[in-house]
Amino acid sequence: MHRGKSTPKDRTGAMNRTMFADQPPQSASLTDYDQQHLALYIRLLDAAEEGAEWTEVVRVLFGLDPKQDAERARRVHDSHLARARWMTEHGYRDLLRSAMH
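Residues numbered from 1 in each chain as written. Predicted model: local features only at pLDDT ≥ 70, side-chain atom pairs only at ≥ 80, totals over all residues. Heavy atoms only, no water.

(A) Up close: the nonpolar core. Among the nonpolar cores identified, the biggest contains 20 residues, and F20, L44, V58, L61, F62 and L64 are the most heavily contacted of them. Counting residues per element, the ones that place at least two in this core are β2 (18–21), α2 (38–50), α3 (54–62) and α4 (70–100). For this core, the leading source of residues is α4, giving six residues. (Core = buried A, V, L, I, M, F, W, Y, C linked by side-chain atoms within 4.5 Å. Buried < 20%, exposed > 50% of the residue type's maximum accessible area, 1.4 Å probe, protein only. Helix = DSSP H or I, 4+ residues; strand = E, 2+ residues; numbered from the N terminus.)

Right, dumping it as structure tokens:
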């Protein structure tokens, strides 16, 4: 599995780099990966809601150049967006349960 970098901004606006997988783990329950990438998922959902172009989103959030490897960039974007959407429908329940214990 290829590993890349995501680029969330810190308090100063500078970009931080953290690891991400080409595809998030597929599980019927919340994973450690999901918990570590909640902010990324939220940013993906916000970008989708705003109608942002996927190529710009993958460039900003993952630090990938879709012109260099369009297939991989699209796979990374789409799989993480799908997992983010799964979180809004199912995964949030696990988050709530863990917060209550």
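There's plenty left to go through after this.
(B) Structural view of the environment of P66. Here P66 is to be found in the loop between α3 and α4. Given the relative accessible area of 8%, P66 is considered buried. Discounting chain neighbours no more than four positions away, the residues touching P66 are W54, T55, V58, R59 and A73. (Contact = heavy atoms within 4.5 Å.)

(C) Focus on the pattern of salt bridges. Under the defined criterion, the tally for this structure stands at six salt bridges. Here D22 and R75 are joined by a salt bridge, their closest N and O atoms 3.3 Å apart. On the criterion of sequence distance, the pair formed by D22 in the loop between β2 and α1 (32–36) and R75 in helix α4 is long-range, its members being 53 residues apart. As a salt-bridge pair, E56 and R59 come within 3.0 Å of each other at their nearest N and O atoms. Here E56 and its partner R59 are both found in helix α3, three residues apart, which amounts to about one turn of the helix. (Salt bridge = Lys/Arg side-chain N within 4 Å of Asp/Glu carboxyl O.)

(D) A look at the packing of aromatic side chains. Per the stated rule, a full pass over the model turns up one aromatic pair. The interplanar angle of 70° and the centroid separation of 4.8 Å between the aromatic rings of F20 and F62 together place this pair among those described as edge-to-face. Of the two residues, F20 sits in strand β2 while F62 sits in helix α3, which places them 42 residues apart along the sequence. Sitting above the plane of the W86 ring, R83 keeps its charged end 3.8 Å from the centroid. (Phe/Tyr/Trp six-rings, centres within 6.5 Å; stacked < 30°, edge-to-face > 60°. Lys NZ or Arg CZ within 6 Å of the ring centre and 35° of its normal.)

(E) α3, seen in detail. The set of residues buried in α3 consists of W54, V57, V58, L61 and F62. Taken around the axis of α3, the buried residues stretch over an arc of 95°, which confines them to a single face. The first or second residue beyond α3 is G63, which carries a positive phi of 70°. (Arc of directions from axis to C-beta.)

(F) Representation of the side chain of R83. Along the chain, the position of R83 falls in helix α4. For R83, the side chain forms a polar contact with the main-chain oxygen of S29, separated by 3.2 Å. Here D34 takes part through its side chain, which lies 2.7 Å from a polar atom of the side chain of R83. (Polar contact = N/O pair within 3.5 Å; in protein donor to acceptor, adjacent residues only side chain to side chain.)

All quantities given are derived from atomic positions and should not be read as evidence of function.
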